[in-house]
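The lines below spell out each chain.
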Amino acid sequence: MSQPTVPPRGPSTDQPHGAAPANVPTSFNDGLGEPPYDLDAERAVLGACMRGGTAVEDVRNVLAAGDFYRPAHETIWRAILALHAENAPTDPVIVADRLRSNDDLTRVGGASYLHALVASASTAHADRYAAIVCRQAALRALQTTGIRTVQRALTPGADPDEIRSAVEADLRDERERAIASGSSRLSRYAVNGWDFVTKTGADKEPLWGTREQTAWAAGESLMIVGAPGVGKTTLAHQVVLARIGVQGGTLGMPVAEGERVLYLAMDRPQQIARAMARSITAYDEARLRERLVVWQGPLPAGLDKEPNLLAELAAAHRADSIVIDSLKDAVSTLVDDTLAIAYNNARNHALREGFQIMELHHQRKATADAPRGQRPTLDRVYGSTWLTSGAGSVLFISGEAGDPAVTIHHLKTVTGEIGPLNVVHDHTRGTTHVEDTLDPVVLLQAAAEGLTVKELAAVLTGEAKPGPGAIEKARRHLDGLVRAGLAVRDGGAAGGTGGGQKARYRASSRHIAPSGPQSTADFAGQPVVALAVAAGRAAPSETDATASADRVQRSRERSRAPVGGGLPRPVPTSHAVPTNRR
């Protein structure tokens, strides 16, 4: 049987790859339509690879030259690969020179076209652009296989067994090509064992918190849980604004700055907007326009029905972080295990694609009135246990709606436990700060003879005989103060049936100061250190402290800037990060 004619793939023709020749049937039920392609994705991946960075290395093993629909794009890609193989730059000037030497520059659109590709591209998502190009190329290949099959079937004397064998061979070749390039679903998430151990499991800087005590870890979702009105959205806004560089850390913990946040305001967007408005000034307009995208209202479909939607939304808006406000509006029902597992798949898919996720969620109504000081458990989170099982970190806010004082518990930890933190909100000014009554620094300053680990644990828990967990937590508090230079340790002595002499911790003489509210100016020299240990967290590095001092100064300048002609804001008198409360 003669070999049928197939669409040309070489760069020497101006005919797009995947277009069927005239002697091949191209109509199923009166029309195949245009072959699948995405020129925007092709332009984006080429522009990203000419912008520099690691884009070429990230996509070169995934993207074949024949995957491009437009022949000019294939020619540009071949030039980029050739330069990369020579360890030469791949910027548009160098690429244009290579194309000119090959007499290809005019045919691809000239140097101006190369510069236009770079101007409209972002290096952050080159791998995703490449995946789109590969997917469209695979669809064109399958369409070509279908055309070949029709042509074979229409050949006089065709043998069905030969046709089936030819189709199986075509599909096998396409599957092997996809697996080899890494674009197949069978290899998309597969890595070798060494890379898995050294890269997937590598120690990474947290998005929020410190390495010792992490509230939000990179590659793992953060879930903030609480009853309505206790400040879930307020806390989320603080972290979001820190992620886009509008303010510094949140609750005394550093927040890593990102690129762009996609905020899914599905639950009362008007109220979310009013709450956020109190935390920004006219100085922040450019950052909010460029680095914050807000989706208002319901999603096009539930995430349990379309697991890829979350990642697709983030990629479409060029965001690296997603905030879901709130979880009940993203899934059809939260109590069904099957739907919760489907949502967990959507969450994991987005995380695997490199997007960071924060989720706002509710607690069970039957336990909403539990005492503030009582430590909650994960079974107080509303819905299927699969929701919390898939979360990396869970913060639970205890309190009643409108209560100025609430408690934040760290129910599911990534590293060390944070808190519990007693937090006080100022509804009028939209600020929040960690309550000083259980501040270990203040307690040490008030204890003339110092405190032992067990004594501090008894004060923090309110129990005469604190348990081993509470004692160990108190030990970490005190050791953190010693490392920060805020306390000194008098070594104990072992001995006898009496148990010897226990170590006592005393406030460092250079840090003894009256207790009570302090201004941000008082902490300008070491804001993160002071705030972190006040909240019971390990002290950060000197670099973090210096960076946060700069942010405190910028926060003071922004606090005096009026929005919409209003009166300048006074500098907050609390040493906490300004916020507002929803």
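Residues numbered from 1 in each chain as written. Predicted model: local features only at pLDDT ≥ 70, side-chain atom pairs only at ≥ 80, totals over all residues. Heavy atoms only, no water.

**A short note on the overall build of the protein**
Part 1: When you go through the protein residue by residue, the secondary structure sums to 20 helices and 13 strands.
Part 2: By sequence separation, contacts in the protein at least 24 residues apart represent 67% of the contacts at least 6 residues apart.
Part 3: Of the roughly 27,500 Å² of accessible surface on the protein, a fraction of 52% belongs to carbon and sulfur atoms. (Helix = DSSP H or I, 4+ residues; strand = E, 2+ residues; numbered from the N terminus. Contact = heavy atoms within 4.5 Å. Areas by Shrake-Rupley, 256 points an atom, 1.4 Å probe, with all protein chains shown as cover.)

**Considerations on the packing of aromatic side chains**
Part 1: Scanning the entire structure with this criterion turns up two aromatic pairs.
Part 2: Relative to Y69, the ring of Y37 lies with its centre 4.2 Å away and its plane at 5°, an arrangement referred to as stacked. Taken together, the positions of Y37 in the segment before α1 (39-51) and Y69 in the loop between α2 (55-59) and α3 (71-85) put the pair 32 residues apart, joining distant regions of the chain.
Part 3: Taking the ring centre of W216 as reference, the NZ or CZ of R243 above it sits at 5.8 Å. (Phe/Tyr/Trp six-rings, centres within 6.5 Å; stacked < 30°, edge-to-face > 60°. Lys NZ or Arg CZ within 6 Å of the ring centre and 35° of its normal.)

**Brief notes about the nonpolar core**
Part 1: Counting residues in each nonpolar core, the largest one holds 37 residues, and the members touching the most others are W208, L235, Y263, L292, M358 and I408.
Part 2: The biggest single contributor to this core is helix α10 (residues 232-243), with six residues.
Part 3: Apart from the residues within four sequence positions on either side, Y263 is in contact with T233, H237, V240, I272, M276, L292, V293, V294, W295, V323 and D325. (Core = buried A, V, L, I, M, F, W, Y, C linked by side-chain atoms within 4.5 Å. Buried < 20%, exposed > 50% of the residue type's maximum accessible area, 1.4 Å probe, protein only.)

**Some details on the confidence of the model for the protein**
Part 1: Considering every residue of the protein, the mean pLDDT works out to 78; 74% of them sit at 70 or more.
Part 2: Across residues 17-22, confidence stays below pLDDT 50; counting only partners more than four residues off in sequence or on other chains, it has 25 contacts.
Part 3: Confidence drops under pLDDT 50 across residues 511-582; counting only partners more than four residues distant or on other chains, this segment forms 166 contacts. (pLDDT = per-residue confidence, 0-100.)

**Topic: the environment of A273**
Part 1: Mapping A273 onto the fold places it in helix α11 (residues 269-277).
Part 2: C-alpha separation for the pair A273 and V294, spaced 21 residues apart in sequence, amounts to 9.6 Å.

**Regarding the side chain of S508**
Part 1: Residue placement: S508 occurs in the loop between β13 (504-507) and α19 (527-534).
Part 2: Here S508 falls in the buried class, since its relative accessible area comes to 8%.
Part 3: With residues near it in sequence (within four places) discarded, S508 still touches G485, L486, A487 and V488.

**Looking at the side chain of R98**
Part 1: Mapped onto the secondary structure, R98 falls in helix α4 (residues 92-101).
Part 2: There is a polar contact of 2.9 Å between the side chain of R98 and the side chain of E86.
Part 3: Among residues more than four places away in sequence, those in contact with R98 are A79, A82, L83 and E86. (Polar contact = N/O pair within 3.5 Å; in protein donor to acceptor, adjacent residues only side chain to side chain.)

**Digging into helix α18 (residues 468-483)**
Part 1: Compared with an ideal rise of 1.5 Å per residue, which puts 16 residues at 22 Å, α18 spans 23 Å between its outermost C-alpha atoms and is within 8% of the ideal.
Part 2: Within α18, the full set of buried residues consists of K473, A474, H477, L478, G480 and L481. For α18, the arc enclosing every buried residue in end-on projection is 155°, short of the 170-degree limit, so these residues lie on one face. Opposite its buried face, α18 presents the exposed residues P468, G469 and R483, each directed more than 90 degrees away.
Part 3: In the stretch just after α18, G485 is the one whose phi turns positive, near 80°. (Expected span 1.5 Å × (residues − 1). Arc of directions from axis to C-beta.)

**With respect to the environment of V453**
Part 1: Tracing the sequence through the fold places V453 in helix α17 (residues 453-461).
Part 2: Between the C-alpha atoms of V453 and A474, which are 21 residues apart in sequence, the distance is 5.8 Å.
Part 3: Filtering out sequence-adjacent residues up to four positions away, V453 remains in contact with I471, A474, R475, L478 and Y505.

**A short note on the environment of S326**
Part 1: Locating S326 in the fold gives a position in the loop between β6 (321-325) and α14 (337-352).
Part 2: Counting along the chain gives 59 residues from S326 to D267, while the straight-line C-alpha distance between them is 5.9 Å.
Part 3: Beyond its immediate sequence surroundings of up to four residues, S326 is in contact with M266, D267, L360 and H362.

**Section: the pattern of salt bridges**
Part 1: In the structure shown here, the tally under the stated rule is 24 salt bridges.
Part 2: Taking the shortest distance from any N to any O, the salt bridge between R100 and D97 comes out at 3.9 Å. Residue R100 and its partner D97 are located together in helix α4, separated by three residues, close to a single helical turn.
Part 3: Given a relative accessible area of 45%, R100 falls into the partly exposed group.
Part 4: A relative accessible area of 48% places D97 in the partly exposed class.
Part 5: Note that R291 is salt-bridged to E257, the shortest N-O span being 2.9 Å. One end of the pair, R291, is in helix α12 (residues 285-291); the other, E257, is in the loop between α10 and β4 (261-265), with 34 residues separating them in the sequence.
Part 6: You can call R291 buried: its relative accessible area is 14%.
Part 7: Three or more residues are tied together by salt bridges with common partners; here these are D267, R268, K328 and D329. (Salt bridge = Lys/Arg side-chain N within 4 Å of Asp/Glu carboxyl O.)

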